[in-house]
Structure formats: C-alpha cells, structure tokens
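What follows is each chain in one-letter form.
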Amino acid sequence: MSIKENQLKIYNSLGRKKEDFIPINSPHVGMYVCGPTVYGDAHLGHARPGVAFDLIFRYLKHLGYKVRYVRNITDVGHLENDADFGEDKIEKKARLEQLEPMEIAQYYSDRYMDNMDSLNILRPSIQPRASGHIIEQMEMVDKILDAGFAYKVNGSVYFDVVKYNETHNYGELSGRNIEEALENTRELEGQQEKHSNVDFAIWKKASAEHIMRWNSPWGSGFPGWHMECSAMSTKYLGETFDIHGGGMDLRFPHHESEIAQSVAANGKEPVKYWIHNNMVTINGQKMGKSLGNFITLDEFFTGTHNILDRAYEPMTIRFFMLQAHYRSTVDFSNEALQAAHKGFEKLMKADDSLEQLKTATTSDFDVAQWQEKCYAAMDDDFNSPILIAHLFDAVKYINSIKGGKMKISAADLALLTTSFRTFVFEILGLRKDKSAGDGSQLSAKLIDLMLSVRHQAKLDKNWATADEIRNQLSNLGILIKDTKEGSEWELA
RNA sequence: GGUCUCUUGGCCGAGUGGCUAGGCAACGGUCUGCAAAACCGUCUACCCCGGUUCGAAUCCGGGAGAGACCUCCA
C-alpha cells in the first residue's frame, strides 16, 4: 500500500512548532494517547481528546499509513492528595460504594467505551489496562533503579529528578526549569521520604488498608502515577515511537515524567511527536472533575443537566468540537451547540442532495482545486475548522446546482460526491443519526396517513382542515415541512 | 509568586504582513393558500497605546483583561 502524497505537518509540543511528519518506520505509525481514569462517567472534556485523536487516527489511515493506536485505561495508581496520605482513587470510591475496585473500573470503562462509540470514535488498536501490566511496570522500575536514577525508601521507589537533571533536561517538554523550581522551594508536608520535592514515586508502598496491591521486590505496593504509560507504550510501540498524545493538562508533570522514565530506563527519547489537545471550557473556565463544573456525555445525550436547554445528539457534539482546532480551547454554551446542530444538519442535507443533482456538460466550480484545498487544510496540523469551511463552500455549490443556478459535469459530480463523502464521513467521522426512524413503524405510517389527508384537503383548498392537521401534529412534536416535492415531517 | 498561552463582527470560531474563512443569529429575497422549513443574497471584525513597514488584525515593545500548568485532571 502506498502512502498518499502529502505534506502533512504536525505541531510538536516538544519544540513548539509545526514539523513535517516523517514516521520512524513508514508506512507504520505508532500512536499512544492517554486514556481515562475510570472512576466516573466521561464528561465533555473526555470527548475532546477522543474526537481529536480519532480525527488524527482517521486521517493517517486515510493517507495510507498503517497505524497502531494505543489508548490506555487507567484503573490503578492515581493518588489523591500527597503521596503519604493519598489513597488510590479507585479504592476510595469502592469503599464508599462497597464494591470491588475492579467492578467499578469495569463499569466505568464500559460506559466510557459506549460514550465513545456514540461519538463515532473508532476503537483504538489496543486498549491496555494499567492493572494488567503490573509486571511490565515493575520491570521498568527495576531498569530505572539499575540505571541509578531512582532510590528506595521504606518499600517505595522514587525517581531521582535532581540526579536525572544533571545529565538530562527534565522540563524539555513543559518548558520548566527544575533548578529554579528548587530555589522557590515550597513547604510541603509529609514528604520526608523524598530526597527532593521534585522527585516522584514510581513504586509506592501500600498502606495496610490499601486493597489494590501487588507483591514486588520492594514489598507490597502499586505502581506510581506515570509508570503505566511508559511501560505500556514501550511494550506495544517500542522504545521510540511516532506520536504521543493527550490533554494539555497532562504535559506536566505526567508527560514530562514519562520522558524521564523512558530515557532513564531505555536510554533514548521515547517520542518523536508530542500532540496535546486543548481544554473544553464552560464560562471560560476549564471543565473538570475537581472544579465540579462538568457535564457528563450521557447528560448531553439525554438533556438531563439543568444547564442544558435540550438534549444534544452525539454528532452535534462531535461536529461542535471539530469546528474548533484541537489546539484551541472550545467554550461550551447552548447557543454554540445549537449553532453546531444546525450547521451539521445543513451538511447532512447537502449530502442527500448529491443523489438528486442533474449533470451538465460543464461545471461552474473547480472541484479538483476544491479537493486540493481540503487536503491542504488537513495537512496543516489537522485543521478541521478550515476543512469544514471548505465543505460548506461545496454545500453552497451543491444547493446552487439543485436550485438550477449552477452546473456540474458528470465527471465533477462523481469527484465531488466521493471526496465530499470521504471528508465528511471517513475523515471527520461524522455519521447520519437515525432520527426520524426512531419512532415505531406504525407511528410513521400514521403520520404519513395524516399527511395524505392534509394533502387532499389542500387540493380541495380546505385550508382550515389542512392547518388543523398541521397544528395538531405540531402539538405532538411533529414538524411538517412543505417542499415542492410534497410534505415531509420530522420530530422536533 | 514562577512558566506558558490567549484576547477576532450579536454569538461560536479559523487565519495571518497586502488577495477581506466558515457556521449560527439578524436582515432582504425566492418558494408557499398562509406559515414553517428549505434555498439564495447582505452584514467587512480583529483589546488599548506606541514602534517597524509602501502597507499590520497579523511582526516588535509596553499596558489591560482572561485562561492553563506549577497537586489528581482529558
């Protein structure tokens, strides 16, 4: 399979500039993205990296790359508060609800995947769980100890950031200067075990009441915060791979520490291109669990959060996110989502119209050049908003042909149809939601019956009856749309 | 406090040294028995103050405001 000729550029967080995308082992591409910690329902913020990296995954595949996409499920290891008093997040929830920790993790990861499916996010090639890779994480801890970049204290193992920084640059990704950080020492409590407060645990001793624990050479415990991603990315993608993604909030300390761990253990930089998606904000502020200002995806789909004016289809949310570039923040509001909903509908209707277009001998629009512009948008760091703008140019053209104001040749129509659909469905990953068909067959037939009665009334110029039917159906939430071809209906 | 980012028309949101994205809303029109829907058209913005330049919303400096990270976080 050949790679489609392209000039794909990717903004690399490591270096903060756009670079030509040249895979290490073309046509193979390895991509690792930080997935969710499964101790709660996915919210709008989780949809952002889901959609962003799905777009990247889809486009790379479209270009002909063979992509192995790995997205982890974190079901152990995240500490709350500081290290000494922290307890595993999953364990805490379990104790509160009297359930097995793994039961919670399974429940929420299933729900997460259902949500992602709704958003038409392709499943990654591998979705490894942290709890299933304890051995690999212990092996990596061992390697870091052997390399001399970690030390053992009371059954825990800490990464020696200060020592690492003597020969490497801890802070290369986040633009931090550790020496400065050390000078502005803040008083931190309960950190006597660490040689320095910039050090972090790579293996943590489990307290007596800690349920999620594994035996290790250092005693009974669990892996540190950042180990899972280093261990699993190395296992499935190799010591050096092409793309590592995640939310911007993970840049420090999570990704910075991942780099340090991999370099310490394997002696080489793990990632060629770091890609970070920006946040979803609500009233200008980051939507997040700790801030308590999040809306879950299920609440969006059902409209059950009191801040929501209505329910929003998954595709509305997907389109809403694709209308912003992945590196920009995107601000939630009902108004913005309703605008996205309408725009999306317009796009889908234009797709339907493609079937009905009549061809001519010439075209009034340079379809080949239009296609080039679409590729140029995607090649420029996956610029979906620009692509969507071009798609709406095509929509306007399609509608003008339909209205008899412009012409298209048969060859151009074929090209327009395939490219339009490729970009809309294959690359942007949009999908027509089965909406009107949701009602029972019987209801649909009854509505059609009412419409034919109304049609006859209109032919008889019996406007009172025609309007009565329209109004009554409207009261039931069924919207009549009169077109030249006859009447259509949809659920409001 | 430190590091970094952002500030675009009624709203959302691209872009970037000259060629004036796009969506939604609004307004005008076409269509329609009326209405809605649909479609077409119109609407020329870039926080403030300096500077560089033939030319800046775009580059540089200063100011104001907002946000992210520095603790788990998508």
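Rules used in this analysis
Residues numbered from 1 in each chain as written. Chains lettered and ligands numbered in written order. Predicted model: local features only at pLDDT ≥ 70, side-chain atom pairs only at ≥ 80, totals over all residues. Heavy atoms only, no water. Buried < 20%, exposed > 50% of the residue type's maximum accessible area, 1.4 Å probe, protein only. Helix = DSSP H or I, 4+ residues; strand = E, 2+ residues; numbered from the N terminus. Pairing = 2+ DSSP bridges. Core = buried A, V, L, I, M, F, W, Y, C linked by side-chain atoms within 4.5 Å. Contact = heavy atoms within 4.5 Å. Axes fitted to C-alpha atoms, helices over the stretch in contact; angles between N-to-C directions. Parallel < 35°, antiparallel > 145°, perpendicular 65-115°, else oblique. Left-handed = near helix turned anticlockwise from the far one by under 90°. pLDDT = per-residue confidence, 0-100. Expected span 1.5 Å × (residues − 1). Arc of directions from axis to C-beta. Lys, Arg positive; Asp, Glu negative; His and termini not counted. Salt bridge = Lys/Arg side-chain N within 4 Å of Asp/Glu carboxyl O. Polar contact = N/O pair within 3.5 Å; in protein donor to acceptor, adjacent residues only side chain to side chain. 1 Å grid on protein atoms, 1.4 Å probe; cavity = no way out; pocket = protein on both sides within 12 Å on 5 of 7 lines; lining within 4 Å. Points joined across faces, edges and corners; volume = space filled by probe spheres on them. Nonpolar A, V, L, I, M, F, W, Y, C, P; charged D, E, K, R; others polar.

As for the pairing of strand β6 (residues 156-159)
Neither face of β6 is left uncovered, since the one carrying S156 and Y158 and the one carrying V157 and F159 both have all their residues buried. Linkage of strand β5 (residues 150-153) to β6, two consecutive antiparallel strands, is achieved through a turn of two residues, within which N154 is found at a positive phi near 50°. As judged from the three bridges shared by β6 and strand β7 (residues 200-205), these two strands associate in the antiparallel manner. Its bridge partner lying in β7, F159 is registered against F200.

Notes on the nonpolar core
The biggest cluster of nonpolar side chains holds 81 residues, and the ones touching the most others in it are F300, F420 and L430. When residues of this core are assigned to their parent elements, the largest contribution, 10 residues, is made by helix α1 (residues 44-62). Residues within four places of L430 in sequence aside, it is in contact with N120, M315, R318, F319, L322, F344, L347, M348, V424 and F425. Membership of the second largest hydrophobic core comes to 37 residues, among which are C34, V161, W203 and A260.

What about the packing of helix α12 (residues 367-379) against helix α14 (residues 410-427)?
Between α12 and α14, the least distance of the axes is 9 Å, while the angle of their chain directions is 20°. Relative to α14, the element α12 is oriented roughly parallel. The element α12 and its partner α14 pack so that their crossing is left-handed. Of the residues in α14, those in contact with V367, A368, W370, Q371, C374, Y375 and M378 of α12 are D412, L415, L416, S419, F420, F423 and I427.

Points about helix α7 (residues 227-237)
Counted residue by residue, α7 has nine buried out of 11 residues, so it is predominantly covered. Every buried residue of α7 is accounted for by M227, E228, C229, S230, A231, M232, S233, T234 and L237.

A short note on unusual backbone geometry
Of note, the bond from S26 into P27 is cis; its omega dihedral lies within 30 degrees of zero at 5°. When you line up the elements, P27 lands in the loop between β2 (17-20) and β3 (28-33). Residue F252 is joined to P253 through a cis peptide bond whose omega torsion reads 0°. Locating P253 in the fold gives a position in helix α8 (residues 251-266). The phi dihedral of N283 falls on the positive side, at around 55°, and the residue is not glycine. Take N283: it is sitting in the loop between β12 (280-282) and β13 (285-286). Residue N283 is classed as exposed on the basis of its relative accessible area of 71%.

Some thoughts on the confidence of the model for chain A
Averaged over chain A, the pLDDT score is 89; the fraction of residues at 70 or greater is 92%. Across residues 79-85, where pLDDT falls below 50, the model places 16 contacts with residues more than four positions away in sequence or in other chains. With pLDDT under 50 throughout, residues 186-190 is counted as low confidence; its partners more than four residues away or in other chains account for five contacts. Reported confidences for the modelled complex are a pTM of 0.91 and an ipTM of 0.94.

Digging into helix α3 (residues 101-118)
The end-to-end C-alpha distance of α3, which contains 18 residues, comes to 26 Å, matching closely the 26 Å that a straight helix rising 1.5 Å per residue would cover. Taken as a whole, α3 has its buried residues at P101, I104, A105, Y108, S109, Y112, M113, N115 and M116. Across the axial projection of α3, the buried residues extend over an arc of 155°, all falling on one side. Where α3 ends, the next residue or the one after it, N120, has phi of about 60°, a positive value.

Notes on the side chain of R48
If you trace the backbone, R48 turns up in helix α1. Buried charge R48 goes without a salt bridge, the closest partner of opposite sign being D331 at 10.0 Å. At a separation of 3.2 Å, a polar atom in the side chain of R48 contacts the main-chain carbonyl oxygen of N278.

Brief notes about empty space enclosed by the protein
On inspection of all chains with the given rule, the structure shows one cavity of 30 Å³ or more. By volume, the largest cavity amounts to about 70 Å³. Every residue along the wall of the largest cavity is listed here: R48, V51, A52, L55, M321, L322, A324, Y326, F382 and S384. Secondary structure elements with two or more residues in the lining of the largest cavity: α1 and α10 (314-322). Broken down by element, the lining of the largest cavity gets its largest block of residues, four residues, from α1. Across the lining of the largest cavity, the residue classes tally to eight nonpolar, one polar and one charged.

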